[in-house]
Amino acid sequence: MIGRLRATAWFRCESFPGSAAVTVACPRTAMCGGNGDPRRCASPGNAAVTEYKRVILLVLVMAVVVTAVTAVAIGILYDTAFERERLHPISTAQEQTALIAAVAQFDRTYHSDFPGGPQAATIGQIVAAHEARPSLGGTTEITLGRLQRQQIVFLMRHRHAESGPPPPVRIDSGLAEPMRRALAGESGTMVGIDYHGERVLAAHEPVPILGLGVVAKVDLAEIRAPFMRAGLLVAALSALFIALGTILFVRLTNPMIAALSAREQKLALILASTGEGIFGMDTDGRCTFANKSALRMLGYRDEQALLSRDMHELMHHSEVDGTPRSREHCAVHQALHDNKSVFKDDETLWRADGSSFFAEYRAYPMRKGGTVVGAVVAFVDITQRKERDQQLVQAQKMEVLGQLTGGIAHDFNNLLTIILGNLRLLRDDGAEADEKARRECMEDAISAAEDGADLTRRLLAFSRKKTLMAEWSDVNEFIRESRGFLQRVLGEDINLELLLSEGSLPIRTDRQQLHSAILNLAINASDAMPTGGVLSIETGRIDFADRWPRADIYPPDVAPGSYVAIKVTDSGTGMPEEVMRRAVEPFFTTKKPGQGSGLGLSMVYEFANQSGGALGLRSALRQGTEVSLFLPEAKQPAVPGSPELPDRQEQTGKIGATVLVAEDETRLRRYACRSLAALGYNVLESGNAAEARRWLEDPRHIDVLFSDIVMPGDMNGTALARWAVRHRPDLKVLLTTGYSEEVRREREIEAAGFPVIEKPYSKDQLGAAINGLFAAAQK
């Protein structure tokens, strides 16, 4: 019973404190006989019978122990008493022998004339004295005998005889062994059989002067009697105390047994009915038990097929950087060797048939004392959950696409209304309108078109499909130039402070996208300060060689190096933690419908990420917000603006050159041809690569090929350019793009030496790009 209580306590208290998944290992081995059958574990009768059998066994063990201890104690006392009792016959026999010898010597001296001789006189006196006092008390007595014709003849009456001495005993009969030894001249003590067949403790002494033997003896039964009575009394008292102790023990332990049985039954039912798979492992990783859910999910029919199997084999098929995961990377291995519970939220487990499924599991170390002796693993199949998550992500993508489409359609409809409306006014009423009215219509249409181009650039930058037009810039100078515009955006109730570092902070980035990023941050700050406040813009430099010094960085894996920091801080309402975690998500906004698209901060993040930098975000409710934009520092001093663009004078210095325009969009091709013609170039046009090849195969002189990258047919603009320079090595090539699906081929285009101008482009920008080709050729 004590062992039972200890075993249960070990599993419950030492192995897995506070973990139900760990204590289930106990009922399997304690109540099911080691076979793990939950139906047997759930039977109250089996548990009760087992416990009461152990109680009975405990009682029997206690009785045996008490009996053994009592017997040993009584045996020691008996041996002590026996040694003490042995001295009495010795002294009595020696005294009687000395007395008889003295009387015989006296009779020889003074009674030699006694009828029958002096020996008869001595024997007669001894017998007469014995008759006067035949017993020494109890079974103690003295016998006197002599040897006559191979028989032992007793001379004195014994207590077993009513009259006269006992009958003679043959010397070789085995009876009267003490007297035989006395008559043989031996002196001593022994335990033997007397003439009556009783076992006695006897002292024997010879009387040589008379040829007699003296024996003083006492029955062993007399010596043993008090100890037998004491033993019976002790046994009775022990039985009484054992019975009382057993009754008390059962009364005290019955509630404990019932509670433990109920607990084990409950845990066994949990083990059998839970949907989680649970199995145990020893320190070598081999299975020690498994519940039904584990067998079902792992594809095994019964527990025996899984027992003693190396469970690490079911978890080590996943890979790390293309290399199969080793045993040391397994969370269960860490639980066994690091002595702590480990959680794994996405692992691949393998079934018996070789198929796999996604699972999350937690491994708990199983301890005995301070030593880990195994682990218990609880896992669930998350395959369906991952599928639902993917479906949810897809649904969210569709929702985001719907929001984006609706927002873009709304903005472009407004811009198209302005463009189309003013152009139609010019078409219908242009002849009658005055010069001022016509110019206003044209300016409004051009402004709306430029806004549409800016919106397109922002969307492409957000989707990371727009090629950034990198220019050398000084951040400090850039912010100083933007101060007036930012102050107008913020309004009079918000104070703008510039905390710019000394010297220049050179970067190479898209100035227009940088302007949009700072503008978005300023607008967000203004919305967070509806009653006014302070907005500060601080610049500086940050270097790190190993690990980024801040944890609030998006993305977290920024490459080491030197970065220019632009920190925008407001004194507004701030953001709680749950909002800050989603701040850079596209379309996430806390503003009311119609007041914000949720793209501002996400566009800033995408711009920073595409530029090779990062975005830092710190905020607390009612403590303002700090947004830091980190951009890679340039390795050479910045020169504001784009040095590649030639001035106006250079743009008009190549009049008469021939340009072949390859563009599949008719209206765009017509616009490009008109712009080039207005700049003084001779223009040839083609609607696809095949037509352009025919022009290039013609012997006429062509100076420049101006081609769209994306064109229908088997050959795109990049392939056309490559073919063209092979056939005309002196041909200059300028490519153009609008929607940059081909951005992933930018390196290939740059390696071929083909410059790219982004759509939409103006007449002056197109002329500057072509003249840049001639300028580069002259160097």
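Just above sits the structure.
Now for a look at the structure at hand. (Residues numbered from 1 in each chain as written. Predicted model: local features only at pLDDT ≥ 70, side-chain atom pairs only at ≥ 80, totals over all residues. Heavy atoms only, no water.)

## Here's the deal with the overall build of the chain
Secondary structure summary: the chain contains 22 helices and 26 strands in total. Looking at the 779 residues of the chain, the share that counts as buried comes to 41%. For the chain, the share of sequence-separated contacts (at least 6 apart) that also reach a separation of at least 24 residues comes to 63%. Counting every atom, the chain has about 42,000 Å² of accessible surface; 55% of that belongs to carbon and sulfur. (Helix = DSSP H or I, 4+ residues; strand = E, 2+ residues; numbered from the N terminus. Buried < 20%, exposed > 50% of the residue type's maximum accessible area, 1.4 Å probe, protein only. Contact = heavy atoms within 4.5 Å. Areas by Shrake-Rupley, 256 points an atom, 1.4 Å probe, with all protein chains shown as cover.)

## Structural notes on the nonpolar core
Judged by nonpolar contacts, the single largest core of 37 residues is most densely connected at Leu514, Leu535, Ile537, Leu601, Leu615 and Leu629. A per-element tally of this core places helix α14 (residues 511-528) first, with seven residues. Here Ile537 is in contact with Ile479, Leu486, Leu496, Glu497, Leu498, Leu499, Leu500, Ile518, Ile566, Lys567 and Val568, once residues within four sequence places are set aside. With 26 residues, the next largest nonpolar core counts Ala294, Val342, Tyr361 and Val372 among its residues. (Core = buried A, V, L, I, M, F, W, Y, C linked by side-chain atoms within 4.5 Å.)

## Notes on the sheet that holds strand β23 (residues 682-686)
Strand order in this open sheet of five strands is β23-β22-β24-β25-β26, and the pairing throughout is parallel. The two strands at the open ends of the sheet, each matched to only one other strand, are β23 and β26 (756-758). Looking at each pair of strands side by side, their axes are set apart by 20 degrees on average, direction ignored. Inspection of the sheet shows strand β24 (residues 704-708) paired to strand β25 (residues 732-737) by five bridges, in the parallel sense. What sits directly across from Asp708, in β25, is Thr736. Across the sheet, helix α18 (residues 666-678) lies against β22 (658-662), β23 and β24, angled at about 170 degrees from β23, the strand it touches most. (Pairing = 2+ DSSP bridges. Axes fitted to C-alpha atoms, helices over the stretch in contact; angles between N-to-C directions.)

## Observations regarding the sheet that holds strand β13 (residues 371-381)
One open sheet accounts for five strands, arranged β8-β7-β13-β12-β11; its pairing is antiparallel. Single-partner strands in this sheet number two, and they are β8 (287-290) and β11 (342-350). The average undirected angle you get between the axes of adjacent strands in this sheet is 30 degrees. Pairing geometry for strand β7 (residues 277-282) and β13, over six bridges, is antiparallel. By the bridge assignment for β13, Gly280 is matched with Val376.

## Some details on the packing of aromatic side chains
Aromatic ring pairs are described here by two measures, namely the spacing of the ring centres and the angle between the planes. Taken as a whole and judged by the stated rule, the model has four aromatic pairs. Note on Phe279 and Phe379: the rings are 5.8 Å apart at their centroids and 55 degrees apart in plane angle, and the pair reads as tilted. Remark: Phe379 occurs in strand β13 and Phe279 occurs in strand β7; sequence separation between them is 100 residues. Look at Phe279 and you get buried, because its relative accessible area is 1%. Look at Tyr671 and Tyr761: their rings are 6.1 Å apart centre to centre, the planes differ by 35 degrees, and that puts the pair in the tilted class. (Phe/Tyr/Trp six-rings, centres within 6.5 Å; stacked < 30°, edge-to-face > 60°.)

## A short note on the pattern of salt bridges
Following the criterion strictly, the structure yields 16 salt bridges and no others. Across the pair Glu477 and Arg480 runs a salt bridge whose closest N-O atoms are separated by 3.6 Å. Pair noted here: Glu477 and Arg480 are both in helix α13 (residues 475-490), with a separation of three residues, about one helical turn. You can call Glu477 partly exposed: its relative accessible area is 32%. For Arg480, a relative accessible area of 44% translates into the label partly exposed. For the salt bridge of Arg511 with Glu481, the shortest nitrogen-to-oxygen distance reads 3.6 Å. With a gap of 30 residues between them, Arg511 in helix α14 and Glu481 in helix α13 connect regions that are remote in the sequence. Overall, Glu481 belongs to the partly exposed group, its relative accessible area being 48%. Each member of the salt-bridge network shares a partner with another, and the members are Glu177, Arg180 and Arg181. (Salt bridge = Lys/Arg side-chain N within 4 Å of Asp/Glu carboxyl O.)

## Describing the pairing of strand β1 (residues 141-148)
Regular strands show a simple pattern: their side chains alternate between the two faces of the sheet. As judged from the six bridges shared by β1 and strand β6 (residues 212-219), these two strands associate in the antiparallel manner. Its bridge partner being in β6, Gly145 is matched across the sheet by Gly213. Sheet topology places β1 next to strand β2 (residues 151-154); four bridges connect them, and they run antiparallel. When the bridges of β2 are listed, Gly145 appears paired with Phe154. In sequence, β1 turns back onto β2 through a hairpin of two residues, with Arg149 there showing a positive phi of about 55 degrees.

## Section: the side chain of Ser482
Examined against the element boundaries, Ser482 turns out to sit in helix α13. Here the side chain of Ser482 touches Phe478 through a polar contact of 2.9 Å, landing on its backbone oxygen. (Polar contact = N/O pair within 3.5 Å; in protein donor to acceptor, adjacent residues only side chain to side chain.)

## So, the environment of Gly285
Secondary-structure assignment places Gly285 in the loop between β7 and β8. Here the alpha-carbon distance between Gly285 and Met311, two residues 26 residues apart in the chain, equals 5.8 Å.

## Comments concerning unusual backbone geometry
Each neighbour pair has its own omega, and for Lys759 with Pro760 the value is -5 degrees, a cis peptide bond. Of note, Pro760 is situated in the loop between β26 and α22 (763-778). Although it is not a glycine, Gln150 sits at a positive phi angle of roughly 60 degrees. Looking at the secondary structure, you find Gln150 in the loop between β1 and β2. With phi around 70 degrees, Ser308 is a residue other than glycine that occupies positive phi space.

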